[in-house]
Amino acid sequence: MTPQQLVVRMLPPCGGWLALAALALPDASVPRGAAVVAFLAAGPGAALVGVCGPALRARPAEGPVERRDPAFEHRSDLLERLMLAVLLSVSAALIVATVLIAAHAFSGQRVLLALTLLTTLAALCPRLRASSATRAPRTAPKETPETPETLETPGTPGTPTTGKGSAS
């Protein structure tokens with residue numbers, strides 16, 4: 001691992017520890033709120049997406065057939081990882097808060113500490129690798145005959161499926 005990769009990998013946990021340190025600032029101060037909101041919005045999810053990043057990049061997005069945009073694949077994959085990071089962060093925050101509420105130990109500081117520890121653990125985990133085995137293509141169900149009429153009608157069981165990110 002290069003030093004640059006290590007720095008990128010450790011950014012989300014550093015954001016969490018910075019948000020914890022910002023709790024020492026006065027209540028309702030702008031830097032405190034900004035640090036906490038920025039971490040809660042993207043920190044845990046970015047670390048979790050980093051763990052499964054190589055597996056996500058194994059199958060790139062496929063652009064629309066009618067118009068080939070050379071940057072579509074890159075932008076689509078970047079948007080996918082960004083949205084996944086935000087949604088995973090929100091989900092992790094909700095799960096941690098729910099567990100702490102159920103344990104009668106809920107406080108904002110405890111939620112932030114638990115998420116920071118989760119983010120640090122995720123950043124230190126090894127990355128998932130993409131599977132080397134290729135998947136078999138989907139086939140039509142046996143009860144539907146594969147005729148040209150069946151394959152051309154959208155929404156029928158014999159219609160071939162499209163790849164990730166493609167327009168159908």
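Just so it is clear, the structure is predicted and the values come from calculations on it, not from any experiment.

Criteria and cut-off values
- Residues numbered from 1 in each chain as written.
- Predicted model: local features only at pLDDT ≥ 70, side-chain atom pairs only at ≥ 80, totals over all residues.
- Heavy atoms only, no water.
- Helix = DSSP H or I, 4+ residues; strand = E, 2+ residues; numbered from the N terminus.
- Buried < 20%, exposed > 50% of the residue type's maximum accessible area, 1.4 Å probe, protein only.
- Contact = heavy atoms within 4.5 Å.
- Areas by Shrake-Rupley, 256 points an atom, 1.4 Å probe, with all protein chains shown as cover.
- Patch = residues over 30% accessible without salt bridge, like charges linked within 9 Å, V, L, I, M, F, W, Y side chains within 5 Å.
- Salt bridge = Lys/Arg side-chain N within 4 Å of Asp/Glu carboxyl O.
- Axes fitted to C-alpha atoms, helices over the stretch in contact; angles between N-to-C directions.
- Parallel < 35°, antiparallel > 145°, perpendicular 65-115°, else oblique.
- Left-handed = near helix turned anticlockwise from the far one by under 90°.
- Nonpolar A, V, L, I, M, F, W, Y, C, P; charged D, E, K, R; others polar.
- Expected span 1.5 Å × (residues − 1).
- Arc of directions from axis to C-beta.
- Core = buried A, V, L, I, M, F, W, Y, C linked by side-chain atoms within 4.5 Å.

> Talk me through the overall build of the protein chain; I want residue IDs and the actual numbers.
Helix and strand counts for the protein chain come out as five helices and zero strands. Secondary structure of the protein chain in N-to-C order comes out as α-α-α-α-α. The buried share of the protein chain, taken over its 168 residues, is 28%. Restricting to contacts in the protein chain with at least 6 residues of sequence separation, those with at least 24 account for 67%. Only carbon and sulfur atoms are counted for the fraction: they give 67% of the accessible area of the protein chain, which is about 11,600 Å².

> So, a nonpolar patch on the surface: which residues are in play, and what are the values?
On the surface, a nonpolar cluster with roughly 400 Å² of combined accessible area is contributed by Leu 79, Leu 82, Met 83 and Leu 87. Relative to the elements of secondary structure, Leu 87 occurs in helix H3 (residues 72–102).

> Go over unusual backbone geometry with me, naming the residues and quoting the values.
For Ala 28, which is not glycine, the phi torsion reads 65° and is therefore positive. Look at His 104: it is not a glycine, yet its phi comes out positive at around 55°. Its place among the elements puts His 104 in the loop between H3 and helix H4 (108–124). Judged by its relative accessible area of 76%, His 104 is exposed.

> Account for the packing of helix H1 (residues 3–22) against helix H2 (residues 30–56), naming residues and giving values.
As a packed pair, H1 and H2 sit with axes 8 Å apart at the nearest point and diverge in direction by 150°. When the axis of H1 is compared with that of H2, the two are roughly antiparallel. Handedness of the crossing formed by H1 with H2: left-handed. Contact residues: H1 offers Pro 12, Gly 15, Gly 16, Ala 19 and Ala 22, while H2 offers Arg 32, Ala 35, Val 36, Phe 39, Gly 43, Ala 46 and Ala 47. Grouping the constituent residues of the contact of H1 with H2 by class yields eight nonpolar, three polar and one charged.

> Outline H4, listing residues and values.
Here H4 is 17 residues long and its end C-alpha atoms lie 24 Å apart, about the 24 Å a rise of 1.5 Å per residue gives. Buried within H4 are the following residues: Val 111, Leu 112, Leu 115, Thr 116, Thr 119, Thr 120, Ala 122 and Ala 123. All buried residues of H4 fall inside an arc of 165° around its axis, so they share one side. In H4, the exposed residues that point more than 90 degrees away from the buried face are Leu 121 and Leu 124.

> Tell me about the nonpolar core, residues and numbers included.
One finds Val 111, Leu 112 and Leu 115 to be the most contacted residues of the largest nonpolar core, which totals 13 residues. Going through the elements one at a time, H1, H2, H3 and H4 are the ones with two or more residues in this core. The dominant element in this core, judged by the number of residues it contributes, is H3, at five residues. Setting aside chain neighbours within four positions, we find Val 111 in contact with Val 96, Ala 97, Leu 100 and Phe 106.

> Describe the environment of Phe 39, with residues and values.
Along the chain, Phe 39 turns up in helix H2. Given the relative accessible area of 3%, Phe 39 is considered buried. Apart from the residues lying within four places of it in its own chain, the contact partners of Phe 39 are Pro 12, Gly 15, Gly 16, Ala 19, Pro 44, Leu 112, Leu 115, Thr 116 and Thr 119.

> Tell me about the environment of Cys 125, and please be specific about residues and values.
Looking at where Cys 125 falls in the secondary structure, it is placed in the loop between H4 and helix H5 (148–152). It is 9.4 Å that separates the C-alpha atoms of Cys 125 and Leu 48, two residues lying 77 residues apart in sequence. Those residues in contact with Cys 125, other than ones at most four positions away along the chain, are Arg 9 and Val 51.

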